[in-house]
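Survey of secondary and tertiary structure
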Amino acid sequence: MKIHPGSAYPLGATYDGAGTNFAVFSEVAERVELCLFDEDDDETRVELPEVTAFCWHGYLPQVGPGQRYGFRAHGPWAPAEGHRCLPEKLLLDPYAKAIAGQVLWHEAVFSYHAADPDGEPNRLDSAPFVPKSVVVNPFFDWGDDHPPRTPPHESVIYETHVKGFTVRHPEVPAELRGSYAGLAHPAAIAHLKRLGVTAVELMPVHQFIHDQRLVERGLRNYWGYNSIGYLAPHNEYATVVTAAGPGVDAAVGQQVQEWKQLVKALHREGIEVILDVVYNHTAEGNHLGPTLCFRGLDNAAYYRLMPEERRRYMDYTGTGNSLNMRHPNVLQLIMDSLRYWVEEMRVDGFRFDLAATLARELHDVDRLSAFFDIIQQDPVVRRVKLIAEPWDVGEGGYQVGNFPPLWSEWNGKYRDTVRDYWRGADQTLGDFANRFTGSSDLYAVTGRVPSASINFVTAHDGFTLADLVSYNDKHNEANGEDNRDGESYNRSWNCGVEGPAADPQVLALRRCQQRNFLAALLLSQGIPMLLGGDELGRTQRGNNNAYCQDNEVSWFDWEAADDQLLAFTAELIALRRRHPIFRRRRWFLGRPIHGAGVKDIGWFRPDGGEMSEADWREGFAKSLGVFLNGRAIETLDVRGEPVLDASFYLAFNAFEQPLPFRLVDGGGGGSGGAGADLGRRSPGWIGVLDTSTGEVDADGGGQEVASGDVVQVAGRSLRVWRRLEPARAKKPR
């Protein structure tokens, strides 16, 4: 087969309408073969003729979309020096835009013999047992697609799973369930629209591998945090997967088109798409893992190796390896991947798994690492939403509050504090107040605003909301690890009975607790993230680490949906959307502002007195009143006009008994303060939310209460009132 020199850029397989250019990086290889596979899996090998700046390349006329291929790298086998080239191992293209098949766990996929891992290499041909890269058609009609570009402070994120969301959805056609096309179906999108969320944050859709140890136990890597292809959408979420080969997509490369259709459909409805991405490690694992891609191409370039024993890997992730963020070609791969997903696949942001690992230059986490420097100056990536999971498992890996100004962070301190508050644990109310108002103690010092905080109570990793109020302990027996996996300290409370309960009082308390968590989340400053299914009462039967449960444990059970909880959640989101006081762009100042001794926020004891320093320090205190002044938001709208809103009073009561609260206008005991902005006494309040009953009315259709009245707030509940405005005097004609 005649091959032309081609180009070293772009890396990967690039179809131009007449043929395909292939380019792959390897600094250590002595020569690289391109391997083409036909429909019968017969292989044709062509040596790449050129190398430019360690990029091996060649151009093949008449090779086009659907062509399956891989590489074989000839070079040194010297594990003690960090080199693991074996031409017997077929390697994926790190820049593959589609991948066909899954790993078949045969001894040939490993570069060593199980009986002697440090001995002679395993020279069995791996090609029949590993996935293949696929040439894709880059052309797609985006039509009038426009990214929604929802401002961060107006965002409500919905974390979900492509398969789990629709695989049991009765209104999605059976042939589409569990796929990109299923998530794009009108019935699926209708649920997101009913809720009012502005973005879906999808668990990993980069091509990933099902771990050998899971497959041998009859399980699968459901979550997908085991990436092997950073530019390829996972092939098992395409609609056509048949017996064309073990796990081979019959319409090879179809997943790319289906992904683009999904994004286009969500954008049409004003919903953004955020990807959960795993650039901290790969599916090749530790030195005993399979050879699938990076390890065989240039092991020492792609991975962090132990300085004193280069046959082994640095592991900051608990998965066996860590990508080498100090190498320019690894940084290039990640940045090229990010740009591809923004420019070609049209995503609106990224959530970076174990992002602290990306910041490790030598050992310590470095806020000014090369990765963040590159992001900061990149004209494409810096304009989308960037969210960090700000920790890893290495020393010093917990970095909440320490990421650069462009970034938002999963706020683990918010999760812990709010969980502790509603289960009645002793803590200072000051901690809760900080989290409720956006965690300025974490983010203000770095020049960030409240939207730096991604607030969440539950996420994919841990209990669902229904399980958070139903289990004191994890129940992960189905994972096959003797319940040793998963977090043991969950800050959960089962409301008196472990697991399923029949007692009406227990069930009522659990429902109220779920509403408490949802209300606190959606009324807090910052960006709320809702775990998909929490609005339906989804349970994982106490499993807080369902990463391997690709079954009814993890999938949404639409038939068992809690319609009342769904309606409550949708009304809460509507309340947040209609009132900018709950989604401020700037911090509360908590101090008198211009001219009238007005405060933007006030904190009160249940008796109506303003909180003192001693009150804030009382660890046993469980109750707090909060006045939010809608006349003191101090930001401008798009027309340059001041943003004004109604004022609200929130009464939090995590104590087990009802408590009387005195509704005040924001200045304790009539001392001026936050109610004085109108220069007169408020005409009163109207109820908009009561978590004890489940009543919520974004328009404020509840009972009216006079200013200064005492009202009862049920134990373990939250009530919210909106301040009534005086009737406007009619102008004389």
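Computed from a prediction, not measured in an experiment: that's the story for all the values here. (Residues numbered from 1 in each chain as written. Predicted model: local features only at pLDDT ≥ 70, side-chain atom pairs only at ≥ 80, totals over all residues. Heavy atoms only, no water.)

**Considering the overall build of the chain**
- Within the chain, the secondary structure is distributed over 15 helices and 34 strands.
- Taken over C-alpha atoms, the radius of gyration comes to 28 Å for the chain, in line with the 27 Å a tight globule of 733 residues would show.
- In terms of overall dimensions, the chain has C-alpha extents of about 90 × 60 × 55 Å along its principal axes.
- Expressed as a percentage of the 733 residues in the chain, the buried residues total 62%. (Helix = DSSP H or I, 4+ residues; strand = E, 2+ residues; numbered from the N terminus. Rg over C-alpha atoms; globule rule 2.2 N^0.38 Å. Buried < 20%, exposed > 50% of the residue type's maximum accessible area, 1.4 Å probe, protein only.)

**Some words on a negative patch on the surface**
- A contiguous patch of negative charge on the surface is contributed by Asp 38, Glu 39, Asp 40 and Asp 42.
- By the secondary structure assignment, Asp 42 is in the loop between strand 3 (31-37) and strand 4 (43-47).
- The class for Asp 42 is partly exposed, based on a relative accessible area of 45%. (Patch = residues over 30% accessible without salt bridge, like charges linked within 9 Å, V, L, I, M, F, W, Y side chains within 5 Å. Areas by Shrake-Rupley, 256 points an atom, 1.4 Å probe, with all protein chains shown as cover. Salt bridge = Lys/Arg side-chain N within 4 Å of Asp/Glu carboxyl O. Lys, Arg positive; Asp, Glu negative; His and termini not counted. Charge placed at Lys NZ, Arg CZ, Asp CG, Glu CD.)

**Some details on helix 9 (residues 412-422)**
- For helix 9, the buried fraction is high: 9 of the 11 residues fall into the buried class.
- What helix 9 keeps buried is the set Gly 412, Tyr 414, Asp 416, Thr 417, Val 418, Arg 419, Asp 420, Tyr 421 and Trp 422.
- Capping of helix 9 at its N-terminal end is provided by Asn 411; its side-chain oxygen lies 3.1 Å from the backbone amide nitrogen of Lys 413.
- Immediately beyond the C-terminal end of helix 9, within one or two residues, lies Gly 424, with a positive phi of roughly 85°. (Polar contact = N/O pair within 3.5 Å; in protein donor to acceptor, adjacent residues only side chain to side chain.)

**Overview of helix 3 (residues 186-195)**
- Among all positions of helix 3, only Ala 187, Ala 188, Ile 189, His 191, Leu 192 and Leu 195 are buried.
- Count one or two residues on from helix 3 and you reach Gly 196, which has phi positive near 95°.

**Notes on the sheet that holds strand 21 (residues 408-410)**
- The strand order 12-13-16-19-20-21-22-23 describes a closed barrel built from 8 strands, whose pairing is parallel. Within this sheet the neighbouring strands show an average axis-to-axis angle of 30°, counted without direction.
- Examined bridge by bridge, strand 21 and strand 22 (residues 453-455) share 2 bridges and lie parallel to one another. The partner of Glu 409 across the bridge, within strand 22, is Ser 453. (Pairing = 2+ DSSP bridges. Axes fitted to C-alpha atoms, helices over the stretch in contact; angles between N-to-C directions.)

**As for the packing of helix 9 against helix 10 (residues 429-436)**
- With their axes 9 Å apart at the nearest point, helix 9 and helix 10 run at an angle of 130° to one another. When the axes of helix 9 and helix 10 are compared, the pair comes out oblique. In the packing of helix 9 onto helix 10, the handedness of the crossing is left-handed. Of the residues in helix 10, those in contact with Lys 413, Tyr 414, Thr 417, Val 418 and Tyr 421 of helix 9 are Leu 429, Asp 431, Phe 432 and Arg 435.
- Looking at the contact of helix 9 with helix 10 residue by residue, the classes come out as 5 nonpolar, 1 polar and 3 charged. (Parallel < 35°, antiparallel > 145°, perpendicular 65-115°, else oblique. Left-handed = near helix turned anticlockwise from the far one by under 90°. Contact = heavy atoms within 4.5 Å. Nonpolar A, V, L, I, M, F, W, Y, C, P; charged D, E, K, R; others polar.)

**Describing the nonpolar core**
- Judged by nonpolar contacts, the single largest core of 173 residues is most densely connected at Phe 22, Trp 259, Phe 350, Phe 352, Phe 371, Leu 650 and Leu 689.
- Ranked by residues supplied to this core, first place goes to helix 7 (residues 328-343) with 9 residues.
- In this structure, Trp 391, Tyr 443, Phe 456 and Trp 587 belong to the second largest nonpolar core, which totals 17 residues. (Core = buried A, V, L, I, M, F, W, Y, C linked by side-chain atoms within 4.5 Å.)

**Focus: the side chain of Ser 717**
- Mapping Ser 717 onto the fold places it in strand 34 (residues 717-723).
- Among the polar contacts made by the side chain of Ser 717, one reaches the main-chain carbonyl oxygen of Ala 714 at a distance of 2.6 Å.

**Digging into the packing of helix 13 (residues 504-523) against helix 14 (residues 563-578)**
- Where helix 13 contacts helix 14, the two axes come as close as 9 Å, and the packing angle between them is 20°. Our classification of the angle between helix 13 and helix 14 gives roughly parallel. Every pair of crossing elements has a handedness; the one defined by helix 13 and helix 14 is right-handed. On the side of helix 13, the interface is formed by Gln 514, Arg 515, Leu 518, Ala 519, Leu 521, Leu 522 and Leu 523, while helix 14 contributes Leu 565, Phe 568, Thr 569, Leu 572, Ile 573, Leu 575 and Arg 576.
- Counted by class, the contact of helix 13 with helix 14 contains 10 nonpolar, 2 polar and 2 charged residues.

**Here we look at the confidence of the model for the chain**
- For the chain, per-residue confidence averages 91 on the pLDDT scale, and residues scoring 70 or more make up 92% of the total.
- Contacts of residues 241-250 to residues separated by more than four positions or lying in other chains number 20 contacts, the stretch itself having pLDDT below 50.
- Note that residues 668-680 has pLDDT below 50 and, in this model, 35 contacts with residues that lie over four places away or in other chains. (pLDDT = per-residue confidence, 0-100.)

**Side note on the pattern of salt bridges**
- Under the definition given, this model contains 37 salt bridges.
- A salt bridge links Arg 351 to Asp 276; its shortest N-O distance comes to 2.9 Å. Here Arg 351 is found in strand 19 (residues 349-352), whereas its partner Asp 276 is found in strand 16 (residues 272-277), with 75 residues between them in sequence.
- Here Asp 276 falls in the buried class, since its relative accessible area comes to 3%.
- Via salt bridges that share partners, Glu 33, Glu 43, Arg 45, Arg 72 and Asp 125 belong to a single interconnected network.

**Re the state of the cysteines**
- According to the stated counting rule, one finds 0 disulfides in the structure shown.
- In this structure Cys 55 is not part of a disulfide, and its nearest cysteine sulfur, from Cys 293, lies 14 Å away. (Disulfide = S-S within 2.5 Å.)

**As for the environment of Gly 12**
- Looking at the secondary structure, you find Gly 12 in strand 1 (residues 12-15).
- On the basis of relative accessibility, which here comes to 0%, the residue Gly 12 falls in the buried class.
- Spatially, the C-alpha atom of Gly 12 lies 41 Å from that of Trp 558, the residues being 546 residues apart in sequence.
- Sequence-distant contacts of Gly 12, that is, excluding residues within four places in its chain, are made with Asn 21, Phe 22, Ala 23, Asp 93 and Tyr 95.

**Regarding the packing of aromatic side chains**
- For the structure on display, the rule yields 45 aromatic pairs.
- Ring geometry for Phe 432 and Phe 652: centres 5.1 Å apart, planes at 75°, overall edge-to-face. With Phe 432 in helix 10 and Phe 652 in strand 28 (residues 648-653), the pair connects residues that are 220 residues apart, well separated along the chain.
- Judged by relative accessible area, Phe 432 falls into the buried class, the value being 3%.
- Across from the ring centre of Trp 410, 3.9 Å away, lies the NZ or CZ of Arg 351, which sits over that ring. (Phe/Tyr/Trp six-rings, centres within 6.5 Å; stacked < 30°, edge-to-face > 60°. Lys NZ or Arg CZ within 6 Å of the ring centre and 35° of its normal.)

**Observations concerning the pairing of strand 4**
- Of the strand pairs in this sheet, strand 3 and strand 4 are connected by 5 bridges, and their pairing is antiparallel. In the strand pairing of strand 4, Glu 33 is matched with Glu 47.
- Hairpin connection, strand 3 to strand 4: the antiparallel pair is bridged by 5 residues, and Asp 41 has positive phi, about 70°.

**Some points on the environment of Ser 408**
- Mapped onto the elements, Ser 408 comes out in strand 21.
- Along the sequence, Ser 408 and Pro 390 sit 18 residues apart, while their C-alpha atoms lie 9.4 Å from each other.
- With residues up to four places along the chain from it excluded, the contact list for Ser 408 reads Leu 386, Ile 387, Ala 388, Ser 451, Ala 452, Ile 454 and Ile 527.
- A distance of 2.8 Å separates the side chain of Ser 408 from the backbone oxygen of Ser 451, its partner in a polar contact.

**Some words on unusual backbone geometry**
- Pro 10 follows Tyr 9 through a cis peptide bond whose omega is 0°.
- Relative to the elements of secondary structure, Pro 10 occurs in the segment before strand 1.
- A positive phi angle is found at Leu 354, which is not glycine, with a value near 45°.
- Here Leu 354 lies in the loop between strand 19 and helix 8 (370-377).
- In this model, Arg 491 sits at a positive phi of 55°, which is unusual for a non-glycine residue.
- Among the structural elements, Arg 491 can be located in the loop between helix 12 (465-468) and helix 13.

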